[in-house]
Amino acid sequence: AIAVLHTRTTLQWVVTAIFLGLALDPAVGLIQRARIRGRRLPRVVAILVVYLAFFAALVYLSLHVFPSIVRDIEGLAGKLPTYVSDFEHWASNNQQFQELNQKYDITQKLREQASSLPSRLGSGATELGNITVSLLEHLLAAITVLALTFFLLLDGRGMFERGTGRLPVPQRERVRRVGVRIAEVVRAYVSVNLLLAAAAGVLTWLFLEIDGFHLAIAMGVLVAFLDLIPLIGLTLGGAIVAIVLLIDGGPGDAIVWAAIFLVYQQLQDRVIQPLMYKGGALKLNPAVAIVAVIVGANLAGVLGALLAVPAAASLGVILDEFVLSGPPTAPAAAQPEPATD
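First, a word on scope: everything that follows refers to the structure included in this document. (Residues numbered from 1 in each chain as written. Predicted model: local features only at pLDDT ≥ 70, side-chain atom pairs only at ≥ 80, totals over all residues. Heavy atoms only, no water.)

1. Side note on the packing of helix H7 (residues 169-211) against helix H8 (residues 216-226)
At a minimum axis separation of 7 Å, H7 and H8 run at an interaxial angle of 155 degrees. As far as their axial angle goes, H8 and H7 are roughly antiparallel. In this structure, H7 meets H8 at a crossing whose hand is right-handed. Across from Ala197, Ala200, Gly201, Thr204, Trp205, Leu208 and Glu209 in H7, the residues of H8 making contact are Ala216, Ile217, Met219, Gly220, Val223 and Ala224. Its residues assigned to classes, the contact of H7 with H8 comprises 9 nonpolar, 3 polar and 1 charged. (Axes fitted to C-alpha atoms, helices over the stretch in contact; angles between N-to-C directions. Helix = DSSP H or I, 4+ residues; strand = E, 2+ residues; numbered from the N terminus. Parallel < 35°, antiparallel > 145°, perpendicular 65-115°, else oblique. Left-handed = near helix turned anticlockwise from the far one by under 90°. Contact = heavy atoms within 4.5 Å. Nonpolar A, V, L, I, M, F, W, Y, C, P; charged D, E, K, R; others polar.)

2. Some points on the packing of aromatic side chains
A complete count under the given rule lists 6 aromatic pairs for this structure. Ring pairing ties together the aromatic residues Tyr51, Phe150 and Phe151, which thus form one cluster. (Phe/Tyr/Trp six-rings, centres within 6.5 Å; stacked < 30°, edge-to-face > 60°.)

3. Topic: the nonpolar core
Ranked by internal contacts, the top residues of the largest apolar core, which has 22 residues, are Leu208, Met219, Val241, Leu245 and Trp257. For this core, the elements supplying multiple residues, two or more each, are helix H3 (43-92), H7, H8, helix H9 (233-248) and helix H10 (251-278). No other element matches H8, which puts 6 residues into this core. Apart from the residues lying within four places of it in its own chain, the contact partners of Trp257 are Thr204, Phe207, Gly238, Val241, Ala242 and Leu245. (Core = buried A, V, L, I, M, F, W, Y, C linked by side-chain atoms within 4.5 Å. Buried < 20%, exposed > 50% of the residue type's maximum accessible area, 1.4 Å probe, protein only.)

4. Overview of the side chain of Asp227
Note that Asp227 resides in the loop between H8 and H9. Of the residues examined, Asp227 reaches a relative accessible area of 9% and is grouped as buried. Polar contacts involving the side chain of Asp227 include one to the main-chain amide nitrogen of Ala197, which spans 3.4 Å. Discounting chain neighbours no more than four positions away, the residues touching Asp227 are Leu196, Ala197, Ala200, Gly233, Leu234 and Gln268. (Polar contact = N/O pair within 3.5 Å; in protein donor to acceptor, adjacent residues only side chain to side chain.)

5. Things to note about the environment of Ala198
Secondary-structure assignment places Ala198 in helix H7. Separated by 26 residues in the primary sequence, Ala198 and Ala224 have C-alpha atoms spaced 5.6 Å apart.

Here it is in structure tokens:
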């Protein structure tokens, strides 16, 4: 237990690398099947292509999506006093609201909050700077995880075969079967979440494109990216789109988006995702998945929540193979030939 405590960070890196390796293996295999001049691409080239695509997506988000969001949030800070002034003008002509305003001083409180918002955004920018410094401090961890993932993608199967080759035959076959089933679980989990994230991104892009909003692509990419974060990702993405619409679109656009988004979120969380988790290799009860995500988030934050569902499903595979199925049976010995006269 003491050794695990002292090597906890390293173990987290290794587990993350194994998860990424299993998640990226289908994409690497797909690219590797491409043929150039009749020859298949070397696996190392396929891995590098996947890495380049990943970094290209990060660069796109950094250069085109996040700066637009920051500019719109700054624009909201500048427009809020105008919104408050318009609200006061409407309130001055409404007798019922005037009575409430005299009793609770609503407009004065709104004016104070709107005036203090720019300073709060400045504090938020400071916090963002602190987060950036923290990310730079963890650059070594990111490089280590990516390097481990690269080598696992390159020869992970061979390492697994060689590692289990020293076991006795009954245990060897069972351990290899467990490894194959866990790999299928992780691939199924990644496939489900990527598909749901893509659906959320397409829905966002389609709504904003029909609405004629100029940040349709950027918002669609952002919502798809945030939807990969369990529990809060999709909600956060929908809220950001609503705020941006409120700034550059109008209250009507924001209200319509909020209604459509809430319907889609309930449909995804309560119908689509549980059904997809029940099918295929994942086969995880929705209640177990929710509990696993909550426990994982409490133990390791966003990373724990991200790995919780495949970890719970993998634990189910291990219990099924080593507890519920009983001890492994050795291959039957060859029967001696009957003696002949």
